[in-house]
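A structural walkthrough
Residue-level listing of the chains:
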Amino acid sequence: MKTKLAAFFGNPYVELACRLFLGGLFVYSCVHKIMHPADMAKVIYGYKIMPGVTINVLAIMLPFFELVCGLCLVFGIWPRSAAVLINGMLLIFIVAISYNLMRGLQFDCGCFGFHKAGEFSDPRELLVRDMVYFGITLVVILYQGTRKFTIKTKNRCLILNKTAA
Amino acid sequence: MAAIINTSKGCIVIALIAIALAFIVNALSPRGIALVGQWDTAKGVISAKAKHDFINQAREIDLPKAQEYFNEGVLFVDARAAEDYAAGHIRGAISLPVDNFFSVFGPFRQAYPDSTLIVAYCSGRECPDSHELAENLENAGYVHVKVFIDGFPAWKSEGLPVEN
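The rules behind these values
- Residues numbered from 1 in each chain as written.
- Chains lettered and ligands numbered in written order.
- Predicted model: local features only at pLDDT ≥ 70, side-chain atom pairs only at ≥ 80, totals over all residues.
- Contact = placed C-beta atoms within 7 Å.
- Helix = DSSP H or I, 4+ residues; strand = E, 2+ residues; numbered from the N terminus.
- Nonpolar A, V, L, I, M, F, W, Y, C, P; charged D, E, K, R; others polar.
- Core = buried A, V, L, I, M, F, W, Y, C linked by C-beta atoms within 7 Å.
- Buried ≥ 20, exposed ≤ 12 C-beta atoms within 10 Å, placed from the backbone.
- Domains from an automatic or database assignment.
- Pairing = 2+ DSSP bridges.
- Right-handed = clockwise from strand over helix to strand, strands pointing away.
- UniProt positions renumbered as here; feature names shortened; annotations may be inferred.
- pLDDT = per-residue confidence, 0-100.
- Axes fitted to C-alpha atoms, helices over the stretch in contact; angles between N-to-C directions.
- Parallel < 35°, antiparallel > 145°, perpendicular 65-115°, else oblique.
- Left-handed = near helix turned anticlockwise from the far one by under 90°.

**Quick notes on the interface of chain A and chain B**
Each partner contributes residues to the interface: chain A has 29 residues there, and chain B has 27 residues. Looking at the side of chain A that touches chain B, the elements that each hand over two or more residues are helix H3 (37–46), helix H4 (52–75) and helix H5 (79–102) of chain A. Residue contributions to the side of chain A that touches chain B peak at 13 residues, all from H4(A). Taken together, the residues of the side of chain A that touches chain B break down into 22 nonpolar, 4 polar and 3 charged.

**Notes on the nonpolar core**
Ala41(A), Ala59(A), Cys69(A), Ala82(A), Ile14(B), Ala120(B) and Tyr121(B) are the most contacted members of the largest nonpolar core, which has 69 residues in total. In terms of residues, this core owes the most to one element, H4(A), which gives 12 residues. The residues that make up this core include at least three from each of domain 1 (1–30) and domain 2 (41–163) of chain B. Beyond its immediate sequence surroundings of up to four residues, Tyr121(B) is in contact with Phe76(B), Asp78(B), Ala79(B), Ile90(B), Ser130(B), Phe148(B), Gly151(B) and Phe152(B).

**Brief notes about unusual backbone geometry**
Despite not being glycine, Trp78(A) has its phi angle at roughly 45 degrees, a positive value. Positioned with a positive phi, Lys49(B) is a non-glycine residue whose angle comes to about 55 degrees. Turning to its location among the elements, Lys49(B) is positioned in the loop between helix H1 (2–28) and strand E1 (60–61).

**Considerations on the pairing of strand E5 (residues 117–121) of chain B**
Residue and element names in this part refer to chain B. Counting buried residues along E5, 4 of its 5 residues qualify, which places the element largely inside the surrounding structure. For E5 and strand E6 (residues 144–148), the ladder comprises 5 bridges, and the chain directions are parallel. Bridging across to E6, Ala120 finds its partner in Val147. Read as a crossover between parallel neighbours, the route from E5 over helix H5 (residues 129–139) to E6 is right-handed.

**Observations regarding the environment of Gln57(B)**
All names here are of chain B. Within the fold, Gln57 resides in the loop between H1 and E1. A residue is classified by how many C-beta atoms lie within 10 Å of it, and Gln57, with 13 of them, is partly exposed. Sequence separation between Gln57 and His131 is 74 residues; the distance between their C-alpha atoms is 9.1 Å.

**Points about the UniProt feature "transmembrane region" (unreviewed entry) in chain A**
Here, UniProt's "transmembrane region" (unreviewed entry) annotation points to residues 12–31, 52–78, 84–105 and 126–145 of chain A. Annotated as 85% helix and 0% strand, the span residues 126–145 of chain A places its first and last C-alpha atoms 32 Å apart.

**Side note on the confidence of the model for chain A**
All names here are of chain A. This prediction gives chain A a mean pLDDT of 87; 87% of its residues lie at or above 70. For chain A, per-element mean pLDDT is lowest for strand E1 (residues 152–153), which scores 46, and highest for H4, which scores 97. In the predicted structure, residues 153–158 sits below a pLDDT of 50 and forms 13 contacts with residues beyond four places in sequence or in another chain.

**Concerning the sheet that holds E6(B)**
Where strands meet in a sheet, backbone hydrogen bonds hold them as pairs that are either parallel or antiparallel. Residue and element names in this part refer to chain B. Strand order in the open sheet formed by 5 strands is E1-E6-E5-E2-E4, with parallel pairing between adjacent strands. Sheet topology places E1 and strand E4 (94–95) at the edges, where each strand pairs with a single neighbour. With 2 bridges joining them, E1 and E6 adopt parallel strand pairing. Its bridge partner being in E6, Ile61 is matched across the sheet by Phe148. Sheet contacts for H5: strand E2 (75–78), E5 and E6; angle to E6, the most-contacted strand, approximately 175 degrees.

**Points about the confidence of the model for chain B**
Per-residue pLDDT for chain B averages 94, and the proportion of residues at 70 or more is 100%. Per the prediction output, this complex has pTM 0.85; the corresponding ipTM is 0.86.

**Here we look at the packing of helix H2 (residues 12–35) of chain A against H4(A)**
The axes of two packed helices give the description: the angle between them and the distance between them. Residue and element names in this part refer to chain A. Interhelical geometry of H2 versus H4 gives an angle of 150 degrees and a closest axis separation of 7 Å. By the angle between their directions, the pair H2 and H4 is classed as roughly antiparallel. Like other packed secondary-structure pairs, H2 and H4 cross with a definite hand, here left-handed. For the pair H2 and H4, the contacting residues are Arg19, Leu20, Leu22, Gly23, Gly24, Phe26, Val27, Ser29, Cys30, Lys33 and Ile34 in the first and Pro63, Glu66, Leu67, Cys69, Gly70, Leu71, Leu73 and Val74 in the second. Of the residues in the contact of H2 with H4, the class split is 12 nonpolar, 4 polar and 3 charged.

Pasting the structure below:
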């Protein structure tokens, strides 16, 4: 069983599928945030966690982290680094959602679109979803073999000039 | 160890590219926002301070001032959705739902001249709809538009006159 699991997660096509799924997902999810930064800032405010002075800077930067990491995963540019950053972002989302779930605060996650005023996300559903994504990032991070379809030649990355990290 | 160093280097490069791109796009985009917004409800309606923000703090009035205007018979307009208005509103207020503004504005325009003093409200300091309505009214020619920032919930909880 253990060997079968190891063989499954060691399969380069499984790694590729996880990478394309995560990359595509994060590129898709950043579009509305980049198009509407003011709405994004309001969503961050709605979490009631971050101090006011940090909200706009986060609203400006976060979608571009999603975009650049997502593109890096899709095109196989520093895929492990991109997955580590996405993993970190998901960890922050999971902590933020759990904190609001514990204190019973209603909020709009803003993940794949912005809700109208008075409409909120279901935090339990968000938590499960983010944990699944978190697991998928681990597949990309822990993968040890040669990755399929990366921007590199003969296992050497064109940009870093070394094996894609 | 080498893998960790390579991964860390990649993280730093990706982060720097993302940060640079984010601030360049925000500076160039007409939808860009200020580096610091107004997120303190004690100071008024919250706002990301976008380049073309309709929130104008000069219009804002608080509960005592709104009460004073109400006692003077000033016209109140409700920016919330029609169903919220139907569930309860400031007595005598007229419904002008901001999401449906242009289809309900015609009769209002004919009934009230440009010089009418108008107080717009919605559901409090986290609600920008009253400012958006005020902006629409000003664009239509009204010159004395105020925004009651505490909105219907504060009015109701103070026991001030409401109706369904």
